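Residue-level structural notes
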There are 2 protein chains.
Amino acid sequence: MRRNGVSEPESKTIVILGAGFGGVAAAQELARLRPENEEWDIVLVDQNNFLLFTPMLTEVAGGVVDASGIVSAVRTLSSRVTFEQGRVTSIDAANGQVEIMIGESLPGVQRARKVIRAEHLVVALGSITNFRGIDGLVEHSLTIKTIEGALAIRTRTLALLERADEETDPDARRALLTFVVGGAGFSGVETMAVLNDLVRALRDKFPRIDARDIRTVLVDPGTRLLPEISEGLAQYAQKKLEQRGVEMRLQTAITGAGEGWVEVKAEHVQDKERIPTHLLVWAGGVTPEPVIEKSGLPLGHHHGVVVDGCCRVKDHPNMWAIGDCAEVPRPGGKGTYAPMAQNATREGKLVGGNVAAAIQGRPQRSFAYHPIGELAMVGRQTGVASIYGLHFSGTIAWMMWRGIYLAKLPQMRQRVRVVMDWTLDLVFGRDLATIPVPHSPRPQP
Amino acid sequence: MRRNGVSEPESKTIVILGAGFGGVAAAQELARLRPENEEWDIVLVDQNNFLLFTPMLTEVAGGVVDASGIVSAVRTLSSRVTFEQGRVTSIDAANGQVEIMIGESLPGVQRARKVIRAEHLVVALGSITNFRGIDGLVEHSLTIKTIEGALAIRTRTLALLERADEETDPDARRALLTFVVGGAGFSGVETMAVLNDLVRALRDKFPRIDARDIRTVLVDPGTRLLPEISEGLAQYAQKKLEQRGVEMRLQTAITGAGEGWVEVKAEHVQDKERIPTHLLVWAGGVTPEPVIEKSGLPLGHHHGVVVDGCCRVKDHPNMWAIGDCAEVPRPGGKGTYAPMAQNATREGKLVGGNVAAAIQGRPQRSFAYHPIGELAMVGRQTGVASIYGLHFSGTIAWMMWRGIYLAKLPQMRQRVRVVMDWTLDLVFGRDLATIPVPHSPRPQP
């Protein structure tokens with residue numbers, strides 16, 4: 001096709017799998033770099049039609065922020081990107097093809113299989129929860145990886161309070177009021193913090209619930225919280241959580257879960273212990289999206305796609321991988337970058353530029369990024385932060401948390417919503433209304 | 001028990017079944033009238049822990065307002081009312097007892113049965129959708145009676161747009177883009193209006209969807225829309241909807257529904273016609289909550305509880321019924337009051353006063369109310385209204401709709417939310433992000 005007589009461009013299909021931080025950043029960078037006179041077909045694929053702002057999932061679980069505040073419709077992010085809502089069912093690296101399944105969320109409507117051929121393929125499918133093979137964990141725990149998961153935590157917590165308010169048996173009531181989180185990394189600590197705040201803040205609305213019956217337990221096999229940040233900040237976080245009533249079970253592993261209980265084993269104790277509970281949140285780690293396993297792409301130690309410093313897949317010059325499902329080497333051979341939103345976003349932007357450079361015959365750039373810092377909320381109006389090597393704790397860190405994440409929300413609509421939710425929470429307290437979960441048939445995979 | 005030496009009060013249990021407009025109004029009136037020195041135990045029972053603001057359900061279905069804006073937590077409405085979250089499973093009028101089932105929304109947690117004895121029982125259980133025995137309608141239609149229903153309409157509509165965007169077969173694509181509403185009363189007309197606005201407003205976000213493939217159909221056996229209001233206003237509403245692309249099928253009945261189709265029959269046509277569609281909303285009427293059928297309470301022509309003008313059940317001096325599940329006689333023997341929010345709210349307030357009067361040996365008051373007016377939204381920024389006998393249409397009626405219903409929202413928190421949602425919708429347009437429905441096991445009844 002000829003446009004303005006400038007050149008004789010050919011259509012290039014660039015397919016980006018996954019509309020998380022990495023995939024969206026890559027798509028936006030490509031849309032920005034696409035020359036007016038070239039036909040680049042930028043296709044973004046995801047099973048959900050929104051970019052999920054994962055750092056605020058815990059705010060949704062705690063009922064502080066509404067779900068609509070942390071999802072941004074992908075179709076409105078860039079008009080130069082074609083969006084396909086579908087689940088990636090297979091990647092064929094040898095032929096540069098992917099297959100997606102469309103319409104799985106529509107019971108009663110025929111689903112469609114679609115094969116897309118890509119000149120350049122960017123794999124940004126992220127990660128799923130790693131249940132580490134622990135007995136019963138898949139069936140008997142909730143996770144904080146998805147918006148459905150966050151909503152389920154809030155809904156179930158409120159339903160348990162309502163149920164406990166009606167329970168006459170003291171043991172059964174205590175079990176209904178026991179909330180356990182497994183994993184003391186960022187998402188585990190923040191989930192415990194909001195959950196603990198939620199149940200303790202709402203307690204006075206339930207006249208028949210005794211505050212002493214509420215039990216919130218954080219379990220982790222390590223010796224400390226938040227291995228990602230300094231020892232001092234981690235101790236501060238632990239102290240704050242304990243002051244607010246959280247029971248710490250460090251050097252303790254979850255060994256199993258069932259209906260109404262979780263089984264734990266402390267490191268230096270012979271016997272296992274069963275904690276009666278009806279709400280277990282598992283935040284014990286992630287693993288790359290498993291669809292890449294049969295793709296023919298080279299996988300590394302962490303089951304992620306092995307790429308070079310430019311995020312290009314080894315021996316596949318037109319394939320790229322970023323974010324939680326990639327193993328991007330650190331400069332100087334010091335391992336690979338951690339599965340974090342900060343890294344995924346930068347890798348996405350870089351890979352967008354590198355794909356454009358590859359198409360236009362320019363040289364690639366290599367990924368090198370030092371995280372600006374880390375932030376964790378450890379309870380109502382208190383947090384810990386480590387920014388540019390400086391440490392903050394308490395209200396100031398909490399304000400930084402809110403300010404920084406608010407600024408990072410991708411759309412103004414969501415920023416307005418979140419500020420409004422924070423204000424309503426401050427003025428009127430936590431909202432108790434529990435919207436029932438519609439009962440839909442589970443789609444067959 | 002003796003308090004301040006004033007009197008020798010005895011504890012009275014007043015049980016109100018249903019936390020809709022009627023039940024909540026009754027509970028609040030009783031809480032207000034309860035003398036300081038008397039022990040009235042005011043118990044409010046509902047399977048949901050919120051009061052649903054039904055007039056704005058269509059706003060939720062259309063994605064204009066978030067669900068959290070139209071639900072108000074019952075526990076925060078009055079501190080003098082004890083709330084029990086449970087589903088009423090039986091009413092025993094002879095013994096003044098009700099049985100409720102607690103914890104049905106909690107898979108994996110033992111449910112509890114609870115029997116409550118009431119000195120005074122107020123039945124305010126409302127209504128359910130009346131499917132009128134039409135083949136396949138229960139399984140293949142959505143309704144606009146509950147918050148789950150409203151959310152399901154929005155979610156499915158957006159998912160159908162995403163699916164249609166991927167469909168290559170023209171017939172299949174048209175079926176995916178056909179939206180049918182059965183029933184042209186208030187809720188049917190308003191649902192059609194918001195649904196029509198939603199799909200047509202979002203169309204331009206889906207580059208592969210042709211506007212001419214979108215079909216919105218309103219079906220009703222009557223000869224006109226909105227039998228509740230004047231002929232002139234109804235004609236205005238019909239004209240507006242038609243201008244905005246809605247296909248009117250009046251004098252046409254829905255005779256069946258199945259996977260991917262709805263069957264209709266026009267009055268003077270021999271053959272039935274199948275309309276291919278994947279979204280059918282049934283708004284063809286309501287019927288009283290069926291749990292009252294085995295209660296031993298006298299039921300009337302519309303299957304509602306027969307009461308006198310004071311909302312007291314015939315031959316049961318300590319039983320009362322109000323709202324959609326009651327047949328409250330109009331003064332002068334002119335039938336019974338219609339199942340409407342306006343009537344339920346006034347009946348609730350009246351019955352609260354009458355129960356208090358019965359306890360204190362004062363005379364009862366009789367119900368007489370003439371609705372102030374009627375309002376219907378017939379599309380973006382246009383409506384029809386009939387207030388104190390005056391007729392309004394267009395933008396002014398739409399503004400009245402918003403102003404009046406905003407003022408009627410029971411809590412300030414919800415008012416702020418709704419105004420914010422209206423503003424965001426105005427500034428940023430309709431939000432496209434579709435939060436997936438979590439897959440929970442259906443509770444066994």
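Residues numbered from 1 in each chain as written. Chains lettered and ligands numbered in written order. Predicted model: local features only at pLDDT ≥ 70, side-chain atom pairs only at ≥ 80, totals over all residues. Heavy atoms only, no water.

**Some words on the overall build of chain A**
Within chain A one finds 10 helices and 26 strands. Against the globule reference of 22 Å for 445 residues, chain A gives a C-alpha radius of gyration of 23 Å, in line with a compact fold. Counting only C-alpha atoms and orienting by the principal axes, one finds that chain A spans roughly 80 × 55 × 45 Å. For chain A, the computed accessible surface area is about 18,400 Å², with 51% contributed by carbon and sulfur atoms. Once the 50 positive and 50 negative side-chain charges of chain A are each reduced to a mean point, those two points are 4 Å apart. (Helix = DSSP H or I, 4+ residues; strand = E, 2+ residues; numbered from the N terminus. Rg over C-alpha atoms; globule rule 2.2 N^0.38 Å. Areas by Shrake-Rupley, 256 points an atom, 1.4 Å probe, with all protein chains shown as cover. Lys, Arg positive; Asp, Glu negative; His and termini not counted. Charge placed at Lys NZ, Arg CZ, Asp CG, Glu CD.)

**With respect to the packing of helix H9 (residues 395-408) of chain B against helix H10 (residues 412-428) of chain B**
In helix packing, the relevant descriptors are the interaxial angle and the interaxial distance, both defined with respect to the helix axes. Residue and element names in this part refer to chain B. Interaxial distance between H9 and H10 falls to 9 Å at its minimum, and their mutual angle equals 155°. The pairing of H9 with H10 is recorded here as roughly antiparallel in orientation. The two elements H9 and H10 cross, and the hand of that crossing is right-handed. Where H9 abuts H10, its residues Trp 401, Arg 402, Leu 406 and Ala 407 lie against Arg 415, Val 418, Val 419 and Trp 422. (Axes fitted to C-alpha atoms, helices over the stretch in contact; angles between N-to-C directions. Parallel < 35°, antiparallel > 145°, perpendicular 65-115°, else oblique. Left-handed = near helix turned anticlockwise from the far one by under 90°. Contact = heavy atoms within 4.5 Å.)

**Section: helix H8 (residues 341-360) of chain B**
Relative to the 28 Å expected for 20 residues at 1.5 Å per residue, H8(B) spans 29 Å between its end C-alpha atoms, a close match to the ideal helical length. Extensive coverage of H8(B) is indicated by the burial of 14 of its 20 residues. (Expected span 1.5 Å × (residues − 1). Buried < 20%, exposed > 50% of the residue type's maximum accessible area, 1.4 Å probe, protein only.)

**Focus: the pattern of salt bridges**
Taken as a whole and judged by the stated rule, the model has 62 salt bridges over all chains. Notably, a salt bridge pairs Arg215(B) with Glu247(B), separated by 2.8 Å at the nearest N-O pair. Taken together, the positions of Arg215(B) in strand S13 (residues 215-219) and Glu247(B) in strand S14 (residues 246-249) put the pair 32 residues apart, joining distant regions of the chain. Residues joined in a network through salt bridges with shared partners are Arg75(A), Glu84(A), Lys114(A), Glu162(B), Asp165(B), Glu166(B) and Arg208(B). (Salt bridge = Lys/Arg side-chain N within 4 Å of Asp/Glu carboxyl O.)

**Quick word on the packing of aromatic side chains**
Note on aromatic pairs: each is described by the distance of the centres and the angle between the planes. By the definition in use, this model includes 10 aromatic pairs over all chains. Considering the side-chain rings of Trp401(A) and Tyr405(A), the 4.8 Å spacing of their centres and the 75° angle between planes classify their relative orientation as edge-to-face. Taken together, the positions of Trp401(A) and Tyr405(A), both in helix H9 (residues 395-408) and four residues apart, correspond to about one turn of that helix. Plain terms: the ring middles of Phe21(B) and Phe53(B) are 5.9 Å apart, the flat faces sit at 80° to each other, and that makes the pair edge-to-face. (Phe/Tyr/Trp six-rings, centres within 6.5 Å; stacked < 30°, edge-to-face > 60°.)

**Details of the layout of surface pockets**
Looking at the second largest pocket, its volume works out to about 320 Å³. In terms of lining, the second largest pocket is formed by 20 residues, of which the most central are Ser79(A), Arg80(A), Val81(A), Thr82(A) and Pro207(B). Elements with a minimum of two residues in the lining of the second largest pocket: strand S2 (40-46) and strand S5 (81-85) of chain A. Looking at the lining of the second largest pocket residue by residue, the classes come out as six nonpolar, four polar and 10 charged. (1 Å grid on protein atoms, 1.4 Å probe; cavity = no way out; pocket = protein on both sides within 12 Å on 5 of 7 lines; lining within 4 Å. Points joined across faces, edges and corners; volume = space filled by probe spheres on them. Nonpolar A, V, L, I, M, F, W, Y, C, P; charged D, E, K, R; others polar.)

**Examining the pairing of strand S22 (residues 316-321) of chain A**
All names here are of chain A. Direction of pairing for strand S9 (residues 120-123) relative to S22: parallel, over a ladder of three bridges. Bridge pairing in S22 places Val 123 opposite Ala 321. Between strand S21 (residues 312-313) and S22, which pair antiparallel and follow one another directly, the connecting turn spans two residues, one of which, Asp 315, has a positive phi of 65°. (Pairing = 2+ DSSP bridges.)

**A few points about the relation of the copies chain B and chain A**
Expressed as a screw transformation, the operator carrying chain B onto chain A has a rotation angle of 180° and an axial translation of 0.0 Å, and the superposed copies differ by an RMSD of 0.0 Å. Within this description, the copies of the chain are treated as partners about a two-fold rotation axis. Interface residue correspondence from chain B to chain A reaches 100%, placing this contact among same-surface, isologous pairings. (Least-squares fit on C-alpha atoms with pLDDT ≥ 70 in both.)

**Considerations on the environment of Leu299(A)**
All names here are of chain A. Tracing the sequence through the fold places Leu 299 in the loop between strand S19 (286-288) and strand S20 (305-306). Given the relative accessible area of 31%, Leu 299 is considered partly exposed. Taking the C-alpha atoms as reference, Leu 299 lies 9.9 Å from Lys 314; in sequence the two are 15 residues apart. Leave out the neighbours within four places in its chain, and Leu 299 touches Ile 292, Glu 293, Gly 304, Val 305 and Val 306.

Geometric descriptors of this kind do not, in isolation, establish any biological role.
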